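Close look at the chain arrangement
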Amino acid sequence: MTATYTFDVFSSLDGYGGISGGDWGGYWGKQGPELLDHRLALYGAQQRMVFGANTYRKFTELLNSGTEESVGDAWVTRMRNLPATVVSSTLDGPLDWPDATVVSGDAVDVVARLKEESDVPLRSHGSLSMNRALMAAGLVDRIQVTIFPVITGQTGDDPIFAGAADFDLELIESRTLDGRIQELVYRLSLHP
């Protein structure tokens, strides 16, 4: 049996995963109790996290700095305590993450092997370029996009799907959190 792989990402309405400048704060300042409770429940299930090296570095830098209040959120703590695989040819262990392993090699090969060997679902939060490559290789089973009610035309960076292949999406779940945040979960297939 092959483990399910979910690409989990936060997005502005205009498709950006991050910001450069401005005073938005974590979650673009739009989080509420429903979002935080839902994320905590989502990360309560047994699963293995998969990160690229750049996202791992950003997460550990942010978590260690403590400069953003969202790093103390219960779901972030739970995510950090899940087993994780960091795909990197530049990092060496041990990592500053409780149960993380570095695996060197091409992400497509590493994740294909993980999908075959894992007895729990796989999830990646962020890691945009790695996940675009995994999507093109047909290894992403689900995309979970949490859309925050902001447009970041001036400050947005990290366009989530820039350079990705073309895909057809089938909506399998949707919910509104805190009356303003949309979570959409899609099954994807490469567009012919």
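Residues numbered from 1 in each chain as written. Predicted model: local features only at pLDDT ≥ 70, side-chain atom pairs only at ≥ 80, totals over all residues. Heavy atoms only, no water.

1. Regarding the overall build of the chain
What the chain contains, in helices and strands, is five helices and 10 strands. Its C-alpha atoms give the chain a radius of gyration of 16 Å, near enough to 16 Å, the size a compact globule of 192 residues would have. Dimensions of the chain, computed from the C-alpha atoms along their principal axes, are close to 40 × 40 × 30 Å. Relative to its full complement of 192 residues, the chain shows a buried share of 45%. (Helix = DSSP H or I, 4+ residues; strand = E, 2+ residues; numbered from the N terminus. Rg over C-alpha atoms; globule rule 2.2 N^0.38 Å. Buried < 20%, exposed > 50% of the residue type's maximum accessible area, 1.4 Å probe, protein only.)

2. Quick notes on the side chain of Gln47
One can find Gln47 in the loop between α1 (33-42) and β3 (48-52). A distance of 3.1 Å separates a polar atom in the side chain of Gln47 from the backbone oxygen of Ala45. Separated by 2.8 Å, the side chains of Gln47 and Arg123 make a polar contact. Residues contacting Gln47, with those up to four places away along its chain left out, are Leu42, Leu82, Pro83, Val120, Pro121 and Arg123. (Polar contact = N/O pair within 3.5 Å; in protein donor to acceptor, adjacent residues only side chain to side chain. Contact = heavy atoms within 4.5 Å.)

3. Quick notes on the pattern of salt bridges
If you walk through the whole model with that rule in mind, you get eight salt bridges. With its nearest N and O atoms 2.8 Å apart, the salt bridge here joins Asp8 to Arg39. Linking Asp8 in strand β1 (residues 5-12) with Arg39 in helix α1, this pair joins segments that are 31 residues apart in sequence. Accessibility assignment for this pair places Asp8 and Arg39 in one class, buried. A salt bridge links Lys58 to Asp158; the shortest N-O distance between them is 3.7 Å. Taken as a pair, Lys58 in helix α2 (residues 53-65) and Asp158 in strand β8 (residues 156-159) lie far apart in primary sequence, 100 residues in all. (Salt bridge = Lys/Arg side-chain N within 4 Å of Asp/Glu carboxyl O.)

4. Examining α2
In an α-helix, one turn spans 3.6 residues; hence positions three or four apart end up facing the same way. Taking 1.5 Å of rise per residue, 13 residues should cover 18 Å, and α2 covers 18 Å from first to last C-alpha, within 8% of that figure. Of the positions making up α2, those classed as buried are Ala53, Thr55, Tyr56, Phe59, Thr60 and Leu63. The buried residues of α2 all sit within an arc of 160° when viewed along its axis, so they share a single face. Of the exposed residues in α2, those oriented more than 90 degrees away from the buried face are Asn54, Lys58 and Glu61. The inward-facing, buried residues of α2 contact β3, α3 (74-80), β4 (84-87) and β6 (122-125). (Expected span 1.5 Å × (residues − 1). Arc of directions from axis to C-beta.)

5. Regarding the pairing of β6
For a regular strand, the rule is simple: side chains alternate between the two faces of the sheet. Side-chain alternation along β6 places Leu122 and Ser124 on one buried face and Arg123 and His125 on a second face that is also buried. Summarising the sheet, β1 and β6 pair through four bridges and their orientation is parallel. The residue of β6 that forms the bridge with Asp8 is His125. For β3 and β6, the ladder comprises two bridges, and the chain directions are parallel. Directly across from Arg48, in β6, lies its bridge partner Leu122. (Pairing = 2+ DSSP bridges.)

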